[in-house]
Amino acid sequence: MPDDQDKYDLSFFDITGNCNLRCPFCINDWSTISGNVPVSEKTFGKILTLLPLLNSFYLSCYFEPTIHPDFSSIIKMIPDEHRKKVLFTTNLSRKLSDDVVEGLTNSGFNYINVSLDSLNPQVFESLRKGARFDVFYDNLRCLTDAFSANPNAPPLRYITILTRHNVDEIPKLIEDCATNYLSTMNELRTFVPMPHINKDWIKDNEITEDRRNTLWETLYEFPHKWMYVDYGKKSEYDEFFDSLEDPKKKKIYFLPPFTGLRISSEGIVELTHMGIESKYDINKMDDPYGVFKEILALHHLDVERAGEIKNLHGEKLSIIKEKDSVIDNITSEKNAAIKERDDSICNLTNERNALTEEKHTLTAEKDGLTDELATVKATYFYMLSQKDMVGVWRKFRHSAGKLLFKNNPELKNHIKKTLRIGK
């Protein structure tokens, strides 16, 4: 197995099973969650054996880690060689002991996320239900003071949920975090409109796209690091996966952007983004490392096969697209030929109509000449039947023949010669 495939990308772990707050935008449906099972040292010890298989290791995902009664002891159990993989998020709303602050300062973790939606006490407490701003702020000052004194302390990041009530504060919040609270990154997030979240709250708190764009224009000029994460927006991969209606195709084409483990504080492990719906109790395993290493190897074989199938599917779509392109070109050429033929027919029809019209004109002229010739013949034979040719000629020349001779001078000469008339 290649080096980049011998580890799980993420592990979503919680050392507790509950939270001290009830934020109105929380992804947890608290009507289905009760009690709290903090991870035991025995279970945590087994979970720690998986660290060589993990690229990163969350100490919290859905719940608040600092409510664990032995939080300091849990931190100390993590082997030094794997501490750079560790990160977690805290709401900092439970009073931290000096022991906890010292443990975090010297933890060597990758980074620590702090949930901070506002430095306005009223707005803060409305978004972080159950929190007291004064407790949060005391923890924040203690933590940043301790971290400032230790150059090896973990980086601090801040996570802010964007709402209509704090959006105007965001530029100053980022400025304050960078200047006063050691911020290395401010992550701005949308809240996910989960079915259990109060619809009136969503309506009262969501911001318009125009207001969000105005905020971006302001922040783009900032020298401080920040990022925006829209959890409601689907990626191209998500859209592709959703377009597959056949469950078998969903299984075949499931190429995850990463592989991961979801581990509860009770030690129940679920495979995430791996197309397998299975749960494992790590407490019942003698060799958790061996089990999950084998699962990872098998998964990557499946991914390789799925990749080959998807590539074949892509080649098939490419061939169909090429065939459709050829058909389109042939159709275009056929339509062009038909147009050219129709244009030729139209031109020939116009020429035929013109010739027909010319024929009618020539026929009319012919009929006129025929009538004129008949008149000449009749006149000629009449004149030949008369005895006094000269007299007849004179009459004819000054009457009906005048117009005739005007148009036919050769006829006049011919008649005069025939009648032997000099003038």
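You'll find the structure just up there.
Before going into details, it helps to say that this report is about the structure given with it. (Residues numbered from 1 in each chain as written. Predicted model: local features only at pLDDT ≥ 70, side-chain atom pairs only at ≥ 80, totals over all residues. Heavy atoms only, no water.)

1. Details of the overall build of the chain
- Within the chain one finds 14 helices and ten strands.
- The 423 residues of the chain split such that 38% are buried.
- For the chain, the exposed surface amounts to about 25,500 Å²; the carbon and sulfur share of it is 53%. (Helix = DSSP H or I, 4+ residues; strand = E, 2+ residues; numbered from the N terminus. Buried < 20%, exposed > 50% of the residue type's maximum accessible area, 1.4 Å probe, protein only. Areas by Shrake-Rupley, 256 points an atom, 1.4 Å probe, with all protein chains shown as cover.)

2. Things to note about the pairing of strand β5 (residues 156-161)
- The element β5 is largely enclosed, with a buried count of five among its six residues.
- Bridge count between strand β4 (residues 111-115) and β5: four bridges; the pairing is parallel. The partner of Ile112 across the bridge, within β5, is Leu156.
- With six bridges joining them, β5 and strand β6 (residues 183-189) adopt parallel strand pairing. Within β6, the residue paired with Arg157 across the bridge is Met185.
- Remark: the β5/helix α6 (residues 170-180)/β6 crossover connection has right-handed handedness. (Pairing = 2+ DSSP bridges. Right-handed = clockwise from strand over helix to strand, strands pointing away.)

3. Digging into unusual backbone geometry
- Despite not being glycine, Leu92 has its phi angle at roughly 55 degrees, a positive value.
- Considering the arrangement of structural elements, one finds Leu92 in the loop between β3 (86-90) and α3 (98-105).
- With a relative accessible area of 2%, Leu92 lands in the buried category.
- Of note in the backbone geometry, Leu182 takes a positive phi value of approximately 60 degrees without being a glycine.
- Tracing the backbone shows Leu182 in the loop between α6 and β6.

4. Some details on the pattern of salt bridges
- Tallied over the full model, the rule gives eleven salt bridges.
- Across the salt bridge formed by Asp168 and Arg211, the nearest N and O atoms sit 2.5 Å from each other. In this pair, Asp168 sits in the loop between β5 and α6 while Arg211 sits in helix α8 (residues 209-219), placing the two residues 43 residues apart along the sequence.
- On the basis of relative accessibility, which here comes to 27%, the residue Arg211 falls in the partly exposed class. (Salt bridge = Lys/Arg side-chain N within 4 Å of Asp/Glu carboxyl O.)

5. Considerations on the sheet that holds strand β1 (residues 10-13)
- The four strands lie next to each other as β1-β8-β9-β10, forming an open sheet whose pairing is mixed. The sheet is open, and its two edges are formed by β1 and β10 (279-281), each paired on a single side. On average, each strand axis in the sheet is inclined to that of its neighbour by 25 degrees, with strand direction left out of account.
- Sheet topology places β1 next to strand β8 (residues 260-263); four bridges connect them, and they run parallel. Counted as the bridge partner of Phe13 is Ile263 from β8. (Axes fitted to C-alpha atoms, helices over the stretch in contact; angles between N-to-C directions.)

6. Details of the packing of aromatic side chains
- In this structure the tally under the stated criterion is 19 aromatic pairs.
- Considering the side-chain rings of Phe133 and Tyr137, the 5.8 Å spacing of their centres and the 20 degrees angle between planes classify their relative orientation as stacked. Pair noted here: Phe133 and Tyr137 are both in helix α5 (residues 133-148), with a separation of four residues, about one helical turn.
- With relative accessibility at 13%, the residue Phe133 sits in the buried group.
- An angle of 65 degrees between the planes, with centres 5.0 Å apart, marks the rings of Phe191 and Trp201 as edge-to-face. One end of the pair, Phe191, is in the loop between β6 and α7 (199-205); the other, Trp201, is in helix α7, with ten residues separating them in the sequence.
- Take Phe191: its relative accessible area is 11%, and that puts it in the buried class.
- Each member of the aromatic cluster is reached from another via a ring pair, and the members are Phe124, Phe133, Phe136, Tyr137 and Tyr181.
- Sitting over the ring of Trp30, Arg22 keeps its end group 3.7 Å from the ring centre.
- When the ring centre of Tyr111 is taken as reference, the NZ or CZ atom of Arg157 above it lies at 3.9 Å. (Phe/Tyr/Trp six-rings, centres within 6.5 Å; stacked < 30°, edge-to-face > 60°. Lys NZ or Arg CZ within 6 Å of the ring centre and 35° of its normal.)

7. Quick word on the sheet that holds strand β2 (residues 57-58)
- The six strands are arranged β2-β3-β4-β5-β6-β7 in an open sheet whose pairing can be described as parallel. Only two strands of the sheet have a single partner each, and these edge strands are β2 and β7 (226-229).
- The pairing of β2 with β3 spans two bridges and is parallel. Along β3, the bridge assignment pairs Phe57 with Val86.

8. Things to note about the environment of Ser183
- Looking at the element boundaries, Ser183 is found in strand β6.
- Residue classification places Ser183 among the buried residues on the basis of a relative accessible area of 16%.
- As a C-alpha pair, Ser183 and Pro155 span 28 residues in sequence and 7.5 Å in three-dimensional space.
- What Ser183 contacts, discounting residues up to four positions off in sequence, is Leu156, Tyr158, Cys177 and Ala178. (Contact = heavy atoms within 4.5 Å.)

9. Thoughts on the side chain of Arg128
- Counting through the fold element by element, Arg128 comes out in the loop between α4 (121-127) and α5.
- Among the polar contacts made by the side chain of Arg128, one reaches the side chain of Asp117 at a distance of 2.6 Å.
- With near-sequence residues (within four places) excluded, Arg128 lies in contact with Leu21, Cys23, Phe25, Ser115, Asp117 and Ile161. (Polar contact = N/O pair within 3.5 Å; in protein donor to acceptor, adjacent residues only side chain to side chain.)

10. Here we look at the side chain of Ser72
- Tracing the backbone shows Ser72 in helix α2 (residues 71-77).
- With residues up to four places along the chain from it excluded, the contact list for Ser72 reads Asp99 and Val100.

It is worth stressing that arrangement in space is one thing and function is another; only the former is reported here.
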